[in-house]
Amino acid sequence: MKVLLLPLLAFLLWSTPLQAADRVDRIYNKAARDFHQLYKDTPFRDRADNWIATIERFKAITEHHPKHRRAAHSLLNIGLLYSSLYKWNHQKNYLEQAIIFFRRLVADYPKSALADDGQYRLAEIYEIFLKDPQRAYIEYQKLIELFPRGDFVPYAKKKLEKLKPPPQTAQLKPDQSGAQAAAPEELMKIQMGGLDYATAESQPAGLTSRVDYWSSSDWSRMVINVAKPIHYKYQVLKADKKLGKGRRMYIDLYKAYLPKGFKKRIAANDGLITQARIAQFNTETVRIVLDLASLKRIKVFHLELPKQYKVVIDILGESALAGGLPPKKTQKTTSPRAPRPSIPINPPQAYDTKKSSPAPSKHKETKPAISLSKALGLKVNRIILDPGHGGRDPGALGFQQKEKNLALKLALLVKKELQTKLPGMEVLLTRSKDRYISLEARTAFANQNKGDLFVSIHLNASRKHQVSGMETYYLNLTTDNDALALAATENQTSRRGIAQLQNLLKNLMTNSKITESNELAQLIQAETIHHIHRSKLIHLRNLGVKQAPFVVLLGANMPSVLVEAGFISNKRENDLLKKRKYRKVVAQGIFKGLKKYLVLTQSL
């Protein structure tokens, strides 16, 4: 039977006799000794690299020896270590990692005696750290449903007695904003962006060539295309009942002009936008006015591309969000010293560590208030696959192969895997043939079609032909030079443009989709690499999961990742990617990652 904390850890770390230890046991026991030292008041735990090295040893067991008896123990220990690191410096990435590894324990080893431990720790993260009692309630309830005979069931039931159950109609979906967008009342004052006024004043006016927009009942995106960088300002205006005008906003493009014959009415009764008009406000200013059916949040940003300047307006309606804006949190500054944490997560007081097993439940078994599937409201019905590049944009080139062609072939194979093995799943492609689609249009397609997951598929390239491997990205800030260089290439911009985008992301990003996107990226990366290795066609390098400011992921209202499935510039990988047999192996790996994400988040 299991007990918590030090007695539990002692059981986990020392239960196998050393004389019978094999090579994996030796790795595990080394990690176990270090684990123990990290929870003692010694200089060893003051060095951050000792924490990371211990995690990596446990990870090596889970990645290279997943069938070994120590794999489940390792996953639990990794989750505990990441939880401790989060308690020290409140970097949310550590909490995301803890969630991922606890979920992997539950999904990969459901018959393990430790699976309910992982599920309980996961529920505590939502309750204690994320302050999400509804989701915590669901995770505790999931423990009871998945592991009715588990040791942690009595304690999960006691938690359910204290926590308020979600309402029957609750749809506990992740925040639909996808970015830190301002509330309407915050935009009553004039906001400015783009070039500063003085710089714009000294330059000639730029042609406003086109306005694109996509809209649904609770989301709209408008993209204003200008020939050169400009200064712009925007403001949300209150409804004026006396004049019969509802909520609206305007955006002024300074030092811009419209060509003759430009259509003045650019949208009408299209989802959130009841009417949109564009006109030459004066000789140097183009004004766009949007009349809106509803408005909950809004974000405005710009993208500077070669010979293109795009001003993007993303609007969320009242029905897109439940509740108000999340409270603003201040990020604690971190120290170069490692943590001096307490035990990872405090145990329930009902546990008596002197006993060999937890006390039995004293209350009667009750039927869960609501079914798990209803409460979660997270069912994935529609996956959007995005084959990178297309049409006039060939993407990376290597050995007479074009990225756009391989990306489309891979996406079609992933779609076939999904539709064959998950027949109830709807799969949409941003393109199904060789045609050009702008980056912002791809995300808009996913939002407009209310996708539940978004996967952009690409192939990588390097001037050094020996560079090889697969990596998966999610949207976030980064300081990694290779990731920034790749983002610059995929965004069709310069490093200067990436630097500007990073500055914008500081104001636009929120953690609402980072956690889910990171988890999705981790699973796709791990499952694809594992499946490729099992095929024995190639021992593909695992370049891991990374983060970078990709425009194609910016503003997505769903977990979103970008997969770089190999290097088209590497001769061996290129030769394999030409073969349908290998592409199918890669597609099956991506499918397995998607499927595992569904299992982890939905208990399908």
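Scroll up to find the structure this text is about.
The structure displayed is predicted, hence computed values, not measured ones.

> How would you sum up helix α11 (residues 403-421)? Please name residues and give values.
Taking 1.5 Å of rise per residue, the 19 residues of α11 would be expected to cover 27 Å, and the 27 Å separating its terminal C-alpha atoms lies within 8% of that figure. For α11, the set of buried residues is E403, K404, L406, A407, L408, L410, A411, L413, V414, E417 and L418.

> Which residues make up the sheet that holds strand β3 (residues 219-226), and what are the values?
Pairing in this open sheet of 5 strands is mixed, and the strands run β6-β2-β3-β11-β10 from one edge to the other. Strands at the two margins of the open sheet, each flanked by one partner only, are β6 (256-257) and β10 (297-305). Bridging between β3 and strand β11 (residues 308-316) involves 8 bridges; their strand directions are antiparallel. In the strand pairing of β11, W219 is matched with L316. Against the sheet, helix α12 (residues 439-448) engages β2 (206-215), β3 and β11, with an angle of about 165 degrees to β3.

> Break down the nonpolar core for me, with residues and values.
Note that soluble globular proteins tend to have their nonpolar side chains buried in a common cluster. Formed by 51 residues in total, the largest nonpolar core has its most connected members in L81, Y82 and Y140. Those elements that place two or more of their residues in this core are α2 (23-38), α3 (48-64), α4 (70-89), α5 (92-108), α6 (115-129), α7 (133-146) and α8 (153-162). No other element matches α4, which puts 10 residues into this core. Non-local contacts of Y82, meaning those with residues more than four positions away in its chain, are made with I55, K59, Y94, Q97, A98 and F101. Core analysis: the second largest hydrophobic core is formed by 47 residues, Y474, V561, L576 and I590 among them.

> Go over unusual backbone geometry, please, and point to the residues and values.
In this model, H389 sits at a positive phi of 65 degrees, which is unusual for a non-glycine residue. Residue placement: H389 occurs in the loop between β12 (382-387) and β13 (397-398). Accessibility expressed as a relative area gives 7% for H389, which makes it buried. Although it is not a glycine, K536 adopts a positive phi angle of roughly 65 degrees. On the secondary structure map, K536 appears in the loop between α15 (514-535) and β18 (542-548).

> Tell me about the sheet that holds strand β15 (residues 426-429), and please be specific about residues and values.
Strand order across the open sheet formed by 6 strands is β15-β12-β16-β19-β17-β18, with mixed pairing between neighbours. Only two strands of the sheet have a single partner each, and these edge strands are β15 and β18. On average, each strand axis in the sheet is inclined to that of its neighbour by 20 degrees, with strand direction left out of account. Sheet topology places strand β16 (residues 453-460) next to strand β19 (residues 560-567); 6 bridges connect them, and they run parallel.

> Account for the packing of α5 against α15, with residues named and values stated.
For the pair α5 and α15, interaxial distance at closest approach is 10 Å and the crossing angle is 50 degrees. Put simply, α5 runs oblique to α15. Relative to α15, α5 is oriented so that their crossing is right-handed. On the side of α5, the interface is formed by K92, N93, E96, Q97, I99, I100, R103 and R104, while α15 contributes I514, T515, N518, E519, Q522 and L523.

> Now, about the pattern of salt bridges: what can you tell me, with residues and values included?
Applying the stated rule across the entire model yields 28 salt bridges. A salt bridge links E56 to K59, with the nearest nitrogen and oxygen atoms 3.8 Å apart. Remark: K59 and E56 occur in helix α3; sequence separation between them is 3 residues, near one turn of the helix. E519 is paired through a salt bridge with R103; the nearest N and O atoms lie 3.6 Å apart. With E519 in helix α15 and R103 in helix α5, this pair connects stretches of sequence that are 416 residues apart. Taking relative accessible area as the criterion, R103 reaches 3% and is therefore assigned buried. The network of salt bridges with common partners includes R103, R135, E139, K142 and E519.

> Mind laying out the environment of V455, listing which residues take part and the relevant values?
Relative to the assigned elements, V455 resides in strand β16. Note: C-alpha distance between V455 and I383 (72 residues apart in sequence) is 7.9 Å. The residues touching V455, leaving out its near neighbours within four places in the chain, are I384, L385, D386, I524, V561, V563 and L594.

> Outline the layout of surface pockets, supporting the account with residue identities and numerical values.
The volume enclosed by the second largest pocket comes to roughly 1,500 Å³. Along its surface, the second largest pocket is lined by 45 residues, and E63, R104, Q522, A526 and N542 are the ones closest to its centre. Sorting the residues of the lining of the second largest pocket by element identifies α3, α4, α5, α15, β18 and α17 (580-602) as the ones contributing at least two each. Top contributing element to the lining of the second largest pocket by residue count: α15, with 11 residues. Here the residues of the lining of the second largest pocket are counted per class, giving 17 nonpolar, 15 polar and 13 charged.

> Tell me what's going on with the packing of aromatic side chains, and back it up with residues and numbers.
For the structure on display, the rule yields 12 aromatic pairs. Each ring, one from Y120 and one from F152, has its centre 5.0 Å from the other, and the planes form 50 degrees; the classification is tilted. Of this pair, Y120 sits in helix α6 while F152 sits in the loop between α7 and α8; the two residues are 32 residues apart in sequence, bridging distant segments of the chain. Exposure class is identical for Y120 and F152. Each is buried. Between Y197 and Y254, the aromatic rings sit 4.8 Å apart at their centres with planes inclined by 15 degrees, giving stacked as the arrangement. Here Y254 lies in strand β5 (residues 248-254) and Y197 lies in helix α9 (residues 197-201), a separation of 57 residues in the sequence. Accessibility expressed as a relative area gives 47% for Y197, which makes it partly exposed. The buried category is assigned to Y254, whose relative accessible area is 10%. Three or more aromatic residues joined by ring pairs make a cluster, and in this case those are Y28, F35, Y39, W51 and F58.

> Let's hear about the side chain of R104: which residues, and what values?
One can find R104 in helix α5. Accessibility expressed as a relative area gives 16% for R104, which makes it buried. If near-sequence neighbours (up to four positions away) are discounted, R104 is found in contact with T62, L75, Y109, L523 and L600.

Rules of the game
- Residues numbered from 1 in each chain as written.
- Predicted model: local features only at pLDDT ≥ 70, side-chain atom pairs only at ≥ 80, totals over all residues.
- Heavy atoms only, no water.
- Helix = DSSP H or I, 4+ residues; strand = E, 2+ residues; numbered from the N terminus.
- Expected span 1.5 Å × (residues − 1).
- Buried < 20%, exposed > 50% of the residue type's maximum accessible area, 1.4 Å probe, protein only.
- Pairing = 2+ DSSP bridges.
- Contact = heavy atoms within 4.5 Å.
- Axes fitted to C-alpha atoms, helices over the stretch in contact; angles between N-to-C directions.
- Core = buried A, V, L, I, M, F, W, Y, C linked by side-chain atoms within 4.5 Å.
- Parallel < 35°, antiparallel > 145°, perpendicular 65-115°, else oblique.
- Left-handed = near helix turned anticlockwise from the far one by under 90°.
- Salt bridge = Lys/Arg side-chain N within 4 Å of Asp/Glu carboxyl O.
- 1 Å grid on protein atoms, 1.4 Å probe; cavity = no way out; pocket = protein on both sides within 12 Å on 5 of 7 lines; lining within 4 Å.
- Points joined across faces, edges and corners; volume = space filled by probe spheres on them.
- Nonpolar A, V, L, I, M, F, W, Y, C, P; charged D, E, K, R; others polar.
- Phe/Tyr/Trp six-rings, centres within 6.5 Å; stacked < 30°, edge-to-face > 60°.

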